[in-house]
Each structure stands twice: as structure tokens, then as C-alpha cells.
Amino acid sequence: MDLESVADELYGLRPQDFTAARDARAAEARRAGDRTLAGKIGKLRRPSLAAWASNLLVRERPEEIEPLLRVGEGLRQAHHDLDGAQLRELSRQQHLVVNALSRQARQLTAQAGHPVGEDVQREVEGILHAVLADPEAAREWAAGHLVKAFDQTVGFPAAPDGARPRPAEAPRARKEARPAQSRQQKADEERRRRLERARQDAEEAERVLEARREEAAAADRQAADAQAAVQTVERRVSELTEELASLGERRRQAETTAREAREQAHDADRLLREARRRAETTAAKVTRLGARAGGRGTTSGK
């Protein structure tokens, strides 16, 4: 166990799970005898919701980190020395990318079981603007251990109409003119390459984001279908529950009726046996009386 792996684990958790997991890892390090590591782990801070959402974006969309960082590099160079038309085009792409990525971050928080609101999404947008404008912020964001939004969001200045690259300083001597011109040409070529790379990265980011939007729309449709299926099943369960309750009541009534019928049958059988005994007793008496009467008649005839 080391600090980097623990931080990777902790900053991938939901904010409400962070503190308990951090304390557990610090206790584990203390039990292992590494009190220094335990102290460092204990100092790790729980991320804000916006920082957590940004960390999720880094973890769940790693393929978009490097293109975004290159777009930021190109934008910083463009704002330094390109003309207004180019700046406006890159700025337009910048806002499209930031808006799309912030929406993705919000969707990821919902998938992680802790959805956030529009205010947090706006904080994520501020983080991403800072990432594009400030290389230090970009490095911190790309590590996936962000604790809070940056203290001051760094923005790009608006591109002035008719802005042009800064002219190269005039050479002091004729013999320096050609080397200076060559250096300027190389610098211009490098800037053009950076601009083209930034444009390509921005276009690729837009294509990826469009694919993500389509995936999100498909996921929303699937979720809606699943929710409809759940509602159908719930209604059927409710119907079956009511039917089962009705059948249970009918069963109880049938059991009561059967019990009463058994009791009536038992009583009828008892009465039948008693009637038979009375009939047999009566028949026996009749027989005895008949026999006696027959005996007396014979004696009288003699």
C-alpha cells in the first residue's frame, strides 16, 4: 500500500464514502507499522461535488484527457499570437467542448448514484476552463485527485478584431537579418503546426462528444424503456397480490365451509347410529312382545 494507490482509490469514491474509507486506510497503515503513511493518508481531503465530478470525468473518459490538454496548449499559444478570426474559432470550439464535458460529468455522477445539480455543473465548467487556460491546473486535473474547484478560474481574453501576431524585433545589423528572419519563419511554422494540431484535436473532441451524446441519448431511451417495464411489472405484481389475497380469503372460506360440513356429517352419522340403535331396540322389543303374545295364545287354546 502506498499513498498514490490509496489516493486513486479514495478519489474514485462518492464524497459521502470518502471519509470512512480514508480513515480505514489510515488505520490499516498504522496496523502495518507505517505511521508516516498513515499520517499522509489522514491528511487527504474529501473532494467537493464539483471536484468529484471532474475526477469522475478523468477516470471514466480517459481517452479525452490528452486531446483536451492539447486543445488547451493550442489555445494558449493562439491567444498569445494569432489573429482574431482564429481566436474566435478556437474559442467557439473551446466552449462547445467545455459544455459537452461538463454535461458528461453530470451524467456520470447520476450513474454513480449521487446526481448533482446545475450549480455543480457550472463549477465543473469553471474547472475545465481553468484546465484549458492554465497548464498547472491541467496537470492537477489530469491526475484525478482534485479536491476543490480552482480558487480563480483562468479565462482566455476575448480575441480582438483584427489582431495579428506580434512582429519580430527588427535586427540591429544587416548580418543578423537573415538568421532572425529564419528564426521567425521557424517560429511561425511551429505556431501554424500547433494551431492545426489544436484544430484537429478540437474537431476530434467534438466528434467524440457527439458520439457520447448519442450514447447518452440511447442510454436515456433504454432507461425509459426499463422504467416502463418496471412499472408494468409492478402493476402486475400489484394485481397478483390482490388476486392472491382474494384467493386466500376464498380458501379460508372454503376451509370454514369444509370444516362445518365435516362437523355436520359427523353429527348426522352420530344421529344415524343412534336411530339405528333405537330401531334395533324397538324391533327387539316388538319381537319379544310378539313372542310373548304368541305363547299366551297357544296356552289359551289348550
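All residue numbers here refer to positions counted from 1 along the written sequence of the relevant chain. The model is predicted, so local features are restricted to residues of pLDDT at least 70 and side-chain atom pairs to those at 80 or more, both for listing and for counting; the totals for chains, interfaces and linings are taken over all residues. Side-chain metrics rest on all non-hydrogen atoms present in the structure, leaving aside hydrogens and water.

1. Considerations on the overall build of the protein
Helical segments are the DSSP runs of H or I of at least four residues, strand segments are the runs of E of at least two, and each set is numbered from the N terminus. A count of helical and extended segments in the protein gives nine helices and zero strands. When its helices and strands are written in sequence order, the protein yields α-α-α-α-α-α-α-α-α. In the protein, which comprises 302 residues, the share counted as buried stands at 29%. Put simply, 76% of the contacts in the protein that link residues at least 6 apart link residues at least 24 apart. Per-residue and other accessible areas were derived by the Shrake-Rupley procedure at a 1.4 Å probe size, with only the shown protein chains allowed to occlude residues. About 19600 Å² of surface is accessible on the protein, with carbon and sulfur atoms providing 50% of the total. With a 1.4 Å probe rolled over the protein chains alone, any residue whose accessible area is under 20% of its type maximum counts as buried; one over 50% counts as exposed, and the rest are partly exposed. A contact between two residues is defined here by any heavy atoms of the two lying within 4.5 Å.

2. Focus on the packing of helix 1 (residues 3–10) against helix 2 (residues 15–31)
To get an axis, a line is fitted to the C-alpha atoms, and for a helix only the part in contact is used. The angle between two axes follows their N-to-C directions and goes from 0 to 180 degrees. The geometry of helix 1 relative to helix 2 is characterised by a closest axis approach of 10 Å and an angle of 160° between their N-to-C directions. In terms of orientation, helix 1 lies roughly antiparallel with respect to helix 2. Relative to helix 2, the crossing made by helix 1 is right-handed. Contacts between helix 1 and helix 2 involve Val6, Glu9 and Leu10 from the first element and Phe18, Ala21, Arg22 and Arg25 from the second. Angles below 35 degrees are treated as roughly parallel, those above 145 as roughly antiparallel, those between 65 and 115 as roughly perpendicular, and all remaining angles as oblique. Crossings are sorted by hand: turned counterclockwise from the far helix by less than a right angle, the near helix makes the crossing left-handed, and turned clockwise it makes it right-handed.

3. A few points about helix 8 (residues 135–142)
Listing the buried residues of helix 8 in full gives Ala137, Ala138 and Trp141. Each buried residue of helix 8 lies within a common arc of 105° when the element is viewed along its axis, so the set occupies one face. Sitting at the amino-terminal end of helix 8 is Asp134, which places a side-chain oxygen 3.1 Å from the backbone nitrogen of Glu136. A positive backbone phi angle near 75° is found at Gly144, which sits one or two residues after helix 8. Here, the arc refers to the directions that run from the helix axis to the C-beta atoms. Here a polar contact is recorded for every N or O atom pair within 3.5 Å, except that within protein the pair must consist of a potential hydrogen donor and a potential acceptor, and residues adjacent in sequence are included only if both atoms are side-chain atoms.

4. Concerning the pattern of salt bridges
Between Lys or Arg on one side and Asp or Glu on the other, a salt bridge is scored when a side-chain nitrogen of the former is within 4 Å of a carboxyl oxygen of the latter. The final tally for this structure, using the stated rule, is 11 salt bridges. For Arg25, the salt bridge identified is with Glu9, shortest N-O distance 2.9 Å. Taken as a pair, Arg25 in helix 2 and Glu9 in helix 1 lie far apart in primary sequence, 16 residues in all. Measuring nitrogen to oxygen at the nearest pair gives 2.6 Å for the salt bridge that ties Glu249 to Arg252. Here the residue Glu249 and the residue Arg252 both occupy positions in helix 9 (residues 177–301), the gap between them amounting to three residues, near one helical turn. Judged by its relative accessible area of 46%, Arg252 is partly exposed.

5. Remarks on the confidence of the model for the protein
Should pLDDT be low for a region, the predicted coordinates there are not to be read in detail. Mean pLDDT for the protein: 79, with 71% of residues reaching 70 or above. Helix 9 is the least confidently modelled element of the protein, averaging 74 in pLDDT, while helix 2 averages 95, the highest of any element. Predicted confidence is poor over residues 158–177, with pLDDT under 50, and the contacts of this stretch with residues over four places away or in other chains come to 17 contacts. Think of pLDDT as the predictor's per-residue confidence, scored from 0 to 100.

6. Remarks on the packing of helix 2 against helix 3 (residues 35–42)
At their nearest, the axes of helix 2 and helix 3 sit 7 Å apart, and the two run at 170° to each other. One way to sum up the angle between helix 2 and helix 3 is to call them roughly antiparallel. Taking contact as the criterion, the partners of Arg22, Arg25, Ala26, Ala29 and Arg30 in helix 2 are, on helix 3, Arg35, Leu37, Ala38, Ile41 and Gly42. Lys, Arg, Asp and Glu make up the charged group, whereas Ala, Val, Leu, Ile, Met, Phe, Trp, Tyr, Cys and Pro make up the nonpolar group; the residues left over, Gly among them, are polar. Looking at the contact of helix 2 with helix 3, its residues break down into five nonpolar, one polar and four charged.

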